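As a plain string of letters, each chain reads:
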Amino acid sequence: MPSRYKTVLLFGAPGVVKGTQGKILGTIPGFFHFATGDMFRQIDISSDLGKIFYEYSSRGELVPDEVTVKMWTETIHAHCILHEYKPRHDLLILDGIPRTVEQAQMLDAHIEVIKVIHLICDDQKAMFERLRRRALKENRFDDADEKVIRHRWSVYEAQTRPVLDHYPSDMTIEINSVGSPALVLRDLLDIVAPIQNQHFSAYEG
Ligand code: ADP
């Protein structure tokens, strides 16, 4: 197994379609998409960990770093054991982690970041609207309340945006997330397909 997982980070504010695009990429052979939001939402809400997740996410806060990174390392390891994620063949597309500088430091031992894709959207109103619609559709308690959405945004600005400075500036590339999902996907593929091909040229399915 490679010493560190070769990784592309999907980065961006809440509501910027990271998850939608990440999921699509994850269906293409040679890519493994991992979203920490999905990881947390799979936990039984009545378990100890589930209660911690509910406590923080319902307020729009981040789950503490130690808990998050521990659960991330255990879950990714489980995906490897089950051969769902094959680090020798798959480029890891990480979505939703690292979300603090401390998490970025802790993850350095586990991941080799090749590119940071910063999805941007100038239209804040559209992003709010998207979060609210998703909350109704997916029954998400963190985005149902406008106050919580606004708080998630301030948490992003204060704790997550500084993560960009953890990586060399030439590692980061911005993609405009406004537009049809297919066009955003095309821009993403322009970046990740060559990376996947360069690092995993012996891919055989
Ligand atoms: P988004 O709508 O921004 O994509 P997610 O689905 O990624 O939100 O995450 C939902 C919630 O899960 C967050 O509000 C947070 O409480 C928790 N969470 C997800 N990833 C992390 C992380 N890396 N560190 C701490 N908390 C996290």
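Residues numbered from 1 in each chain as written. Predicted model: local features only at pLDDT ≥ 70, side-chain atom pairs only at ≥ 80, totals over all residues. Heavy atoms only, no water.

Student: Just checking my understanding: could you explain the pairing of strand 2 (residues 31-35) for this structure?
Tutor: If a strand is regular, its side chains alternate between the two faces of the sheet. The buried fraction of strand 2 is high, at 5 of 5 residues. Along strand 2, one buried face is formed by Phe31, His33 and Ala35 and the opposite face, lined by Phe32 and Phe34, is buried too. Relative to strand 3 (residues 91-95), strand 2 runs parallel, the two being bridged by 5 bridges. Directly across from Phe32, in strand 3, lies its bridge partner Leu92. (Buried < 20%, exposed > 50% of the residue type's maximum accessible area, 1.4 Å probe, protein only. Helix = DSSP H or I, 4+ residues; strand = E, 2+ residues; numbered from the N terminus. Pairing = 2+ DSSP bridges.)

Student: Looking at this structure, how should I read the sheet that holds strand 3?
Tutor: Within a sheet, adjacent strands bond to each other through the backbone by hydrogen bonds, running parallel or antiparallel. With parallel pairing, 5 strands are arranged side by side in an open sheet as 2-3-1-4-5. Edge positions in the sheet fall to strand 2 and strand 5 (172-176), since each has one partner strand and no second. Each adjacent strand pair in this sheet contributes to an overall mean axis angle of 25°, direction not counted. Contacts between helix 1 (residues 18-26) and the sheet are confined to strand 1 (5-11), strand 2, strand 3 and strand 4 (111-120), with strand 2 contributing the most and set at about 150° to the helix. (Axes fitted to C-alpha atoms, helices over the stretch in contact; angles between N-to-C directions. Contact = heavy atoms within 4.5 Å.)

Student: What am I meant to see in the pairing of strand 3 here?
Tutor: Where burial is concerned, most of strand 3 is hidden: 5 out of the 5 residues are buried. Side-chain alternation along strand 3 places Leu91, Ile93 and Asp95 on one buried face and Leu92 and Leu94 on a second face that is also buried. Bridge count for strand 1 against strand 3 is 4 bridges, and the pairing is parallel. By the bridge assignment for strand 3, Leu9 is matched with Leu94.

Student: Just to check I follow, could you spell out the site of the ligand for this structure?
Tutor: Surrounding the ligand, one finds 19 residues, the nearest of these being Thr36, Glu61, Gly96, Arg134 and Arg152. The side chain of Arg152 places a nitrogen or oxygen atom 2.6 Å from an oxygen atom of the ligand. Out of a free accessible area of 560 Å², the ligand has 96% covered by protein chains. Elements that contribute at least two residues to the shell around the ligand include exactly helix 2 (36-41) and helix 3 (48-57). Considering only residue class, the shell around the ligand consists of 6 nonpolar, 6 polar and 7 charged. (Near = heavy atom within 4 Å. Polar contact = N/O pair within 3.5 Å; in protein donor to acceptor, adjacent residues only side chain to side chain. Areas by Shrake-Rupley, 256 points an atom, 1.4 Å probe, with all protein chains shown as cover. Nonpolar A, V, L, I, M, F, W, Y, C, P; charged D, E, K, R; others polar.)

Student: I keep staring at the environment of Phe128 and nothing clicks. Help me out?
Tutor: With respect to the helices and strands, the residue Phe128 is situated in helix 6 (residues 124-138). The class of Phe128 is buried, set by a relative accessible area of 7%. The spatial distance from the C-alpha of Phe128 to the C-alpha of Val16 is 9.5 Å, given a sequence separation of 112 residues. Residues in contact with Phe128, not counting those within four places in the same chain, are Glu146, Ile149, Arg150 and Trp153.

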